[in-house]
Amino acid sequence: MLWIRMELPCWCLLLLSCLQSLSAHNDFFTSIGQMTDLLYTEKDLVTSLKDYIKAEESKLEQVKRWADKLDSLTATATQDPEGFLGHPVNAFKLMKRLNTEWGNLESLVLSDTTDGFISNLTIQRQHFPTDEDQTGAAKALLRLQDTYRLDANTISTGNLPGTVLESVDCYELGKIAYSEVDYYHTELWMAQALKQLDDGEESTLDKVTVLDYLSYAIYQQGEIERALEYTKRLLELDPEHQRAKGNLKYFEFQLEKQKKAADAETEKQKEQGTTNTTEKKKVKKRSPKTFSLIPERKKYEMLCRGEGIRMTPRRQSRLFCRYYDSNRNPKYVLGPVKQQDEWDRPYIVRYLDIISDAEMERIKQLAKPRLRRATVHDPQTGKLTTAQYRVSKSAWLTGYDDPMIDTINQRIEDLTGLEMDTAEELQIANYGVGGQYEPHFDFGRVRSSHLASEGNRLFMQGVHTSNICLFFFCAFQGTAVFWYNLFASGEGDYSTRHAACPVLVGNKWVSNKWIHERGQEWRRPCGLSEAE
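Predicted model, so just to flag it, every value in this text is computed and none were measured.

**Topic: the overall build of the chain**
Alright, step 1. For the chain, the helix and strand inventory stands at 17 helices and 16 strands.
Alright, step 2. Here the analysis covers contacts within the chain between residues at least 6 apart in sequence; of these, 73% occur between residues at least 24 apart.
Alright, step 3. Of the accessible surface of the chain, which amounts to about 30,000 Å², a share of 54% is contributed by carbon and sulfur atoms.

Now the structure itself:
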């Protein structure tokens, strides 16, 4: 995989993408690169809206001048109506005004200045994001919140680079979590919305609505006392709220029921001659878990936060950087590339400065109109499908799209010494809002006709953000990393399980090159043992 750009911390790649005319795409939230077009769509709509406002203001200004003129005239005329109309000119102008000018004014008031704006809005609406996009972007925020342990206030108040969330935005996030039966995040975001309203933020959102969601979300998590407190606060604001009045009785009944059950249990223990002490039970401390025993999801999030396993000084001392000529390849004898060891088991190396800024920009230009939602293999059906654990769009490029792609493929062959004829096309991936790819393998674990003809994915040339089993490394602009997915025997190396962390801030572009084992018989001979 070839890295396209990195200018933020390890968890994201930052690069403002090239902008092209808007075309119809689905799943906007899965690609920041394509979402940039929406900003220009919105800018065009704002311009159209301003033109409409100017037209309305011009119309109102004409009406105002007419009203001011007649206000002064009628005030004078009604002081002495007969004397005023005794002048033939005044009589003629009255007839003219009522017969003609008021009709013209009516036409002016009824004239529709919205045509241009509505027409533009209708045309652009077909390119607007859908409910799925809004929900996807909201889920991305919740995913970032969990992965990087961010509290709602940090996100809402703009402590992350970016704009702030208003209370109504927090409310919408809470509603989306509620619709997903995610009461944990419902509570977090409804509580944040309430906090901002309590702090005096002006909003069309009312506290009663927020408290209604908040109390129910807390109740669903088993905290009846807290739910009761928020319900009472709701009723202070709206004493006639029917649902809250019903909830109040229900919560009080449940608490009384729990109290009676606890009292009964206490009496039972006394009768049995035991004493229910108030001392906390001593919990036997477990020995610290090793990193390898931590559940994979937790391990993934730890690595994304820069936590987890660290290489020992002894192992780190065995990693080196060097000028590399790829076994005396003529192209690199006089101009070797910079290579550095990234990890030892599995062995991973990084190549520095092997793709230029111009090449990166050209790749993005070629890929952007071809980007489609990234897919995964469904283990049950064997077919390609989209998945929530892979949030990105990808495109595939060949030399037919641009001769530069052939140049890059040849560069990969020269660096690795491996045959490209059976390799896959160059894949370009652009990640979306909170874009990620959860832990996975790149080699196939179920033999298929495709694997039989082309062979398994021997290695991946490029970058994902972390290897789930072992380590974490950062992305850098214009670099590539390389590792073997398979042992020389053809068996999969399960230590190469890896993932792409959710993009916290920025725009992540990466390029992948998967090279298959078929065609490498003379370049990487088969090993004699399974793990060789």
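**Concerning the UniProt feature "repeat: TPR" (unreviewed entry) in the chain**
Alright, step 1. The UniProt feature table records "repeat: TPR" (unreviewed entry) at residues 208-241.
Alright, step 2. Each end of residues 208-241 is marked by a C-alpha atom, and these two atoms are 9 Å apart; helix forms 79% of the span and strand 0%.

**What about unusual backbone geometry?**
Alright, step 1. Put simply, R345 and P346 share a cis peptide bond, and its omega is 0 degrees.
Alright, step 2. Non-glycine residue N327 carries a positive phi angle of around 55 degrees.
Alright, step 3. When you line up the elements, N327 lands in the loop between β2 (321-324) and α14 (330-333).

**Concerning the nonpolar core**
Alright, step 1. Y148, L165, Y171, W189, A193, L205 and V210 are the most contacted members of the largest nonpolar core, which totals 38 residues.
Alright, step 2. For this core, the elements supplying multiple residues, two or more each, are α5 (131-147), α6 (152-156), α7 (167-179), α8 (183-198), α9 (207-220), α10 (224-237), α11 (242-271) and α12 (296-304).
Alright, step 3. Formed by 28 residues, the second largest nonpolar core is a distinct cluster that contains V337, V349, L366 and A367.

**Examining the environment of K508**
Alright, step 1. Here K508 is to be found in the loop between β15 (498-500) and β16 (509-516).
Alright, step 2. By relative accessible area, K508 is classed as buried at 3%.
Alright, step 3. For K508 and Y431, which are 77 residues apart along the polypeptide, the C-alpha to C-alpha distance reads 5.5 Å.

**Examining the packing of aromatic side chains**
Alright, step 1. Summed over the entire model, instances satisfying the criterion amount to 16 aromatic pairs.
Alright, step 2. Ring centres of Y219 and Y250 lie 5.9 Å apart, and the angle between their planes is 85 degrees; on these two criteria the pair is classed as edge-to-face. Linking Y219 in helix α9 with Y250 in helix α11, this pair joins segments that are 31 residues apart in sequence.
Alright, step 3. Relative to F443, the ring of F441 lies with its centre 5.1 Å away and its plane at 40 degrees, an arrangement referred to as tilted.
Alright, step 4. For F443, a relative accessible area of 5% corresponds to the buried category.
Alright, step 5. Each residue in the set Y171, Y178, Y183, Y213, Y216, Y219, Y250 and F251 is aromatic and connected to the rest through ring pairs, giving one cluster.
Alright, step 6. Its end group placed over the ring of F441, R497 keeps NZ or CZ at 4.9 Å from the ring centre.
Alright, step 7. Sitting above the plane of the Y484 ring, R524 keeps its charged end 3.7 Å from the centroid.

**Comments concerning the packing of helix α1 (residues 32-77) against helix α4 (residues 115-125)**
Alright, step 1. Following both chains from N to C, one finds α1 and α4 inclined at 165 degrees, their axes separated by 9 Å at the closest point. When the axis of α1 is compared with that of α4, the two are roughly antiparallel. α4 is crossed by α1, and the crossing has left-handed handedness. From α1, T41, D44, L45, S48, L49 and Y52 reach across to α4, where they touch G116, F117, N120, L121 and Q124.

**So, helix α3 (residues 88-110)**
Alright, step 1. The end-to-end C-alpha distance of α3, which contains 23 residues, comes to 32 Å, matching closely the 33 Å that a straight helix rising 1.5 Å per residue would cover.
Alright, step 2. Considering bend angle alone, the principal kink of α3 is centred on R97 and spans about 45 degrees.
Alright, step 3. Of all the residues in α3, the buried ones are R97, E101 and L105.
Alright, step 4. Summarising the contacts, the buried residues of α3 are in contact with α1.

**A short note on the environment of T154**
Alright, step 1. Examined against the element boundaries, T154 turns out to sit in helix α6.
Alright, step 2. C-alpha of T154 to C-alpha of V164: the two residues are ten residues apart in sequence and 9.4 Å apart in space.

**A word on the confidence of the model for the chain**
Alright, step 1. Taken as a whole, the chain shows an average pLDDT of 82; of its residues, 84% reach a score of 70 or greater.
Alright, step 2. Below a pLDDT of 50 lies the segment residues 1-25, which in the model reaches 118 contacts outside its immediate sequence neighbourhood of four places, other chains included.
Alright, step 3. Confidence drops under pLDDT 50 across residues 275-289; counting only partners more than four residues distant or on other chains, this segment forms two contacts.

**Observations regarding the packing of α7 against α8**
Alright, step 1. Two elements in contact, α7 and α8, have axes whose closest approach is 8 Å; the angle formed by their N-to-C orientations is 165 degrees. The angle between α7 and α8 places the two elements in the roughly antiparallel class. The interaxial crossing formed by α7 with α8 has left-handed handedness. Contacts from S167, C170, Y171, L173, G174, K175, A177 and Y178 of α7 reach α8 at Y183, H185, T186, W189, M190, Q192, A193, Q196 and L197.
Alright, step 2. Here the contact of α7 with α8 is composed, by residue class, of ten nonpolar, six polar and one charged.

**Overview of the pattern of salt bridges**
Alright, step 1. The full count for this structure, using the stated rule, is 31 salt bridges.
Alright, step 2. For the salt bridge of R497 with E296, the shortest nitrogen-to-oxygen distance reads 2.5 Å. Highlighted residues: R497 in the loop between β14 (480-484) and β15 and E296 in helix α12, separated in sequence by 201 residues.
Alright, step 3. Judged by relative accessible area, E296 falls into the partly exposed class, the value being 34%.
Alright, step 4. Residues E419 and R523 are paired through a salt bridge, measuring 3.2 Å at the closest nitrogen-oxygen approach. With E419 in the loop between α16 (403-416) and β9 (426-431) and R523 in the segment after β16, the pair connects residues that are 104 residues apart, well separated along the chain.

Parameters at a glance
Residues numbered from 1 in each chain as written. Predicted model: local features only at pLDDT ≥ 70, side-chain atom pairs only at ≥ 80, totals over all residues. Heavy atoms only, no water. Helix = DSSP H or I, 4+ residues; strand = E, 2+ residues; numbered from the N terminus. Contact = heavy atoms within 4.5 Å. Areas by Shrake-Rupley, 256 points an atom, 1.4 Å probe, with all protein chains shown as cover. UniProt positions renumbered as here; feature names shortened; annotations may be inferred. Core = buried A, V, L, I, M, F, W, Y, C linked by side-chain atoms within 4.5 Å. Buried < 20%, exposed > 50% of the residue type's maximum accessible area, 1.4 Å probe, protein only. Phe/Tyr/Trp six-rings, centres within 6.5 Å; stacked < 30°, edge-to-face > 60°. Lys NZ or Arg CZ within 6 Å of the ring centre and 35° of its normal. Axes fitted to C-alpha atoms, helices over the stretch in contact; angles between N-to-C directions. Parallel < 35°, antiparallel > 145°, perpendicular 65-115°, else oblique. Left-handed = near helix turned anticlockwise from the far one by under 90°. Expected span 1.5 Å × (residues − 1). Bend = angle between axes of the 7 residues up to and from the residue. pLDDT = per-residue confidence, 0-100. Nonpolar A, V, L, I, M, F, W, Y, C, P; charged D, E, K, R; others polar. Salt bridge = Lys/Arg side-chain N within 4 Å of Asp/Glu carboxyl O.

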